[in-house]
Amino acid sequence: MKKIFNFFCALAMTASMSLLNSCGDNDNFSSAHTLTDDEIAEMARQDSIKEAQRNSINADLILYYDVDITISSTAYDGGTVAVEMDKIAELFGLSTSDVLAVLNGENEDLDVTGFAIDGTTHADVGSSSNTNASWGHWWDANGDVTTWGDDAAVFAEFDAETSTFNVGQYPGHLTDGQTVTFIECLKYQDKRAAVVITATAGARGEVTAGVVNTQKLTLTTTPKSSYEAEEVPGFDLDLLMSDLGVSSTDELSWIAVNADGSYAQEYTADAPGYWYDMEGYAGSWGDNASVYCGFYDNTVKVGQFPDHNASGSQLTIYFGATANDKIEMVEITIIFKEYEDPETAPEGTPESIEKDITLTKAYTNDYALVDYDLKDELRNAFKMTTYQIFKAIKSGDLKVYLQTISDEDPTYTADAPGYWIDGDGNATQWSTGIVWLSLGSSETELYLYGGNHPDNCAPTGQTVNTKFIISCNGVTATYNVTYDVTAQ
């Protein structure tokens, strides 16, 4: 054993001496190697190959298109791109109608599949869509596939009915002059087609046209608790079109007046329309909103932000149309008067009622409604007009309870007054609710309405029993509700 140990020690010493003696053969072994011209050229060639591979588009057919997008801080608007689907169909050896049928959710026997190619790596992204279309994606500023949210710049959604891509924007995410190039693709068997779209964002120019005429109109109405719009009497569309020199309403753009006298051009209500603030200037939906105004059904209509306007108040707004470097302004003075109740309250003493009702609806994966009209029942029970009951709901004098009445004020968990309801019929939150039930109202309507939770309710059907108690004017109207959600 000792001999073996001595042998290894000697071997180690020999190796060490050999290593020390060899150091003189390469005194600069630790310094950086200086590349030769040939080595530098080869590395550049390899980098060029890699760059070419990265920038190449793996497709048998590449179609290039451009689209302009006017920047918006509020809207998802953009433009359209007509795609030469006949060329793609020819590549696939199919008819154009067959390819479009697949993209329209039909002809599933053909395996025509959408996908995307990332802009920075040119790698395939396997999903056909992450938008509302069967083919189309959200894209970030680099032309890489992303999702709706902070990184999103633009989106593309293919419309098989028109063979066009609708290219839109994420509001507030684009800058003037910015371009986003992205690659939407289709494949069939071993053939690949790429649609390369470059979207260019541009700022909206200021309106400098002059006003050629002003139509001065008056709308007398009552404060509303709904968004329903009403027609403004006296609006003359023929006069407006004549003054602006147009033959079609498609030639018109609509504007509103800002507080500084400039013109708002980005629609903030249903297009073409604008929300106005409590001073009558162009604004937005929210706490300071008074009314909205728009051009709907070939006339001008005004709707209200629910419960934001008071009887006896007055508001003037300006809504204009522009074309051919001219503006026709519509000045609308809105007078809010007290509601005149057309009903007479039923005679007699208020009395409590109790009734069994069944609400039946098929399961849906949205919030589709079912309703029940209880206007006459509540009028007779509370001995009040529909409008008086409606006002009691708004003031909180009418209260709604679930299962049992409490001395405490109710805490509503759905559209007030109303509740999300669990499988046992008790009040719960949206996150655990199976169905919801609320008391709907207006100046002329009183009704129960609700629906099923798209995730928590069983698509095969589910029944929930509960007690919906409406308390007003010293009595109660109790509804023993069987909520029958049938199979999808």
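In this text, all values refer to a predicted model and were calculated from it rather than measured experimentally. (Residues numbered from 1 in each chain as written. Predicted model: local features only at pLDDT ≥ 70, side-chain atom pairs only at ≥ 80, totals over all residues. Heavy atoms only, no water.)

**Some words on the environment of Pro223**
- Position of Pro223 relative to the elements: it lies in the loop between strand E11 (210-221) and strand E12 (230-231).
- The sequence separation of Pro223 and Asp270 amounts to 47 residues, and the corresponding C-alpha distance is 20 Å.
- When sequence neighbours within four positions are dropped, the list of residues in contact with Pro223 reads Gln304, Asn309, Ala310, Ser311, Phe336, Lys337 and Glu443. (Helix = DSSP H or I, 4+ residues; strand = E, 2+ residues; numbered from the N terminus. Contact = heavy atoms within 4.5 Å.)

**Details of the packing of helix H3 (residues 85-92) against helix H4 (residues 96-103)**
- The interhelical angle for the contact between H3 and H4, taken along N-to-C directions, is 100°, at an axis separation of 8 Å. Comparing their axes, H4 and H3 come out roughly perpendicular. Residues Met85, Asp86, Ala89 and Phe92 of H3 form the contact with H4, whose own contacting residues are Thr96, Val99, Leu100 and Leu103. (Axes fitted to C-alpha atoms, helices over the stretch in contact; angles between N-to-C directions. Parallel < 35°, antiparallel > 145°, perpendicular 65-115°, else oblique.)

**Things to note about the layout of surface pockets**
- When its volume is computed, the largest pocket comes out at roughly 450 Å³.
- Lining the largest pocket are 22 residues, with Ser225, Ser226, Phe390, Ser441 and Ser442 positioned closest to its centre.
- Breaking the lining of the largest pocket down by element, the ones donating at least two residues are helix H7 (386-395), strand E25 (435-441) and strand E26 (446-452).
- In terms of residue class, the lining of the largest pocket is built from ten nonpolar, six polar and six charged.
- Quantified by volume, the second largest pocket comes out at close to 210 Å³.
- Lining of the second largest pocket is provided by 13 residues; of these, Ser72, Ala75, Asp77, Arg204 and Tyr267 occupy positions nearest its centre. (1 Å grid on protein atoms, 1.4 Å probe; cavity = no way out; pocket = protein on both sides within 12 Å on 5 of 7 lines; lining within 4 Å. Points joined across faces, edges and corners; volume = space filled by probe spheres on them. Nonpolar A, V, L, I, M, F, W, Y, C, P; charged D, E, K, R; others polar.)

**Some thoughts on the pattern of salt bridges**
- Summed over the entire model, instances satisfying the criterion amount to nine salt bridges.
- Among the salt bridges present, the one from Glu230 reaches Lys224, with a minimum N-O distance of 3.5 Å.
- Residue classification places Glu230 among the partly exposed positions, given a relative accessible area of 24%.
- Notably, a salt bridge pairs Lys355 with Glu377, separated by 2.6 Å at the nearest N-O pair. Pair noted here: Lys355 is in strand E20 (residues 353-362) and Glu377 is in helix H6 (residues 375-382), with a separation of 22 residues, a long-range link.
- A single salt-bridge network, built from bridges that share partners, covers Glu343, Lys375 and Arg379. (Salt bridge = Lys/Arg side-chain N within 4 Å of Asp/Glu carboxyl O. Buried < 20%, exposed > 50% of the residue type's maximum accessible area, 1.4 Å probe, protein only.)

**Points about the packing of aromatic side chains**
- For the structure on display, the rule yields 28 aromatic pairs.
- Ring centres of Tyr76 and Tyr170 lie 6.0 Å apart, and the angle between their planes is 70°; this geometry places the pair in the edge-to-face category. With Tyr76 in the loop between strand E1 (61-70) and strand E2 (78-82) and Tyr170 in the loop between strand E8 (164-169) and strand E9 (179-188), the pair connects residues that are 94 residues apart, well separated along the chain.
- Given the relative accessible area of 36%, Tyr76 is considered partly exposed.
- On the basis of an interplanar angle of 85° and a centroid distance of 6.2 Å, the ring pair of Tyr227 and Trp275 is categorised as edge-to-face. With Tyr227 in the loop between E11 and E12 and Trp275 in strand E15 (residues 273-277), this residue pair connects regions lying 48 residues apart in the sequence.
- Residue Tyr227 is classed as partly exposed on the basis of its relative accessible area, which comes to 37%.
- A relative accessible area of 5% places Trp275 in the buried class.
- Taken together through their ring pairs, the aromatic side chains of Phe235, Trp254, Tyr267, Tyr274, Phe295 and Phe319 make up a single cluster.
- Just above the ring of Phe115 sits the side chain of Lys187; from NZ or CZ to the centre is 5.1 Å. (Phe/Tyr/Trp six-rings, centres within 6.5 Å; stacked < 30°, edge-to-face > 60°. Lys NZ or Arg CZ within 6 Å of the ring centre and 35° of its normal.)

**Things to note about the side chain of Asp140**
- Summarising the element assignment, Asp140 is placed in the loop between strand E5 (138-139) and strand E6 (145-146).
- Its relative accessible area of 14% is what places Asp140 among the buried residues.
- A polar side-chain atom of Asp140 sits 2.9 Å from the main-chain amide nitrogen of Asn142.
- The contacts of Asp140, once residues within four sequence positions are left out, are Thr146, Asp151, Ala153 and Val180. (Polar contact = N/O pair within 3.5 Å; in protein donor to acceptor, adjacent residues only side chain to side chain.)

**Remarks on helix H5 (residues 237-244)**
- Along H5, the residues that are buried comprise Leu237, Leu240, Met241 and Leu244. Down the axis of H5, the smallest arc covering the buried residues is 95°, so these residues share one side. Set apart from the buried face of H5 by more than 90 degrees, the exposed residues are Asp238 and Ser242.
- Tucked inside the fold, the buried residues of H5 contact E11, strand E13 (253-257), strand E16 (289-296), strand E18 (314-323) and strand E19 (326-336).
- Put simply, Asp236 is the residue that caps the front of H5, since its side-chain oxygen is 3.2 Å from the backbone nitrogen of Asp238.
- Directly beyond the C-terminal end of H5, a positive phi value near 70° is found at Gly245. (Arc of directions from axis to C-beta.)

**Here we look at the pairing of E13**
- Among the five residues of E13, four are classified as buried, and the element is accordingly described as predominantly covered.
- Relative to E18, E13 runs antiparallel, the two being bridged by four bridges. Across the sheet, residue Trp254 finds its bridge partner in E18, namely Ala321.
- With two bridges connecting them, E13 and strand E14 (residues 263-264) associate as antiparallel partners. Each bridged residue has a counterpart across the sheet, and for Val257 the counterpart in E14 is Tyr263.
- Remark: five residues form the turn of the hairpin made by E13 and E14, two consecutive strands paired antiparallel; Gly261 in that turn has positive phi of roughly 90°. (Pairing = 2+ DSSP bridges.)

**Looking at the sheet that holds E19**
- In spatial order, the strands read E11-E19-E18-E13-E14; together these five strands make up an open sheet with mixed pairing. Two strands in the sheet have a free side with no partner beyond their single neighbour: E11 and E14.
- Sheet contacts for H5: E11, E13, E18 and E19; angle to E19, the most-contacted strand, approximately 150°.

**With respect to a negative patch on the surface**
- Together, Glu228, Asp371, Asp373, Asp376 and Glu445 make up a region of like negative charge exposed at the surface.
- Positionally, Asp373 belongs in strand E21 (residues 370-373). (Patch = residues over 30% accessible without salt bridge, like charges linked within 9 Å, V, L, I, M, F, W, Y side chains within 5 Å. Areas by Shrake-Rupley, 256 points an atom, 1.4 Å probe, with all protein chains shown as cover. Lys, Arg positive; Asp, Glu negative; His and termini not counted. Charge placed at Lys NZ, Arg CZ, Asp CG, Glu CD.)

**As for unusual backbone geometry**
- Look at the link from Ala271 to Pro272: it is a cis peptide, with omega at -10°.
- Along the chain, Pro272 turns up in the loop between E14 and E15.
- Each neighbour pair has its own omega, and for Ala416 with Pro417 the value is -5°, a cis peptide bond.
- Checked against the element boundaries, Pro417 lands in the loop between strand E22 (399-402) and strand E23 (418-421).
- Although it is not a glycine, Gln189 sits at a positive phi angle of roughly 55°.
- The residue Gln189 is located in the loop between E9 and strand E10 (191-202) in this model.
- Not every positive phi belongs to a glycine, and Asp325 is a case in point at roughly 60°.
- Mapped onto the elements, Asp325 comes out in the loop between E18 and E19.

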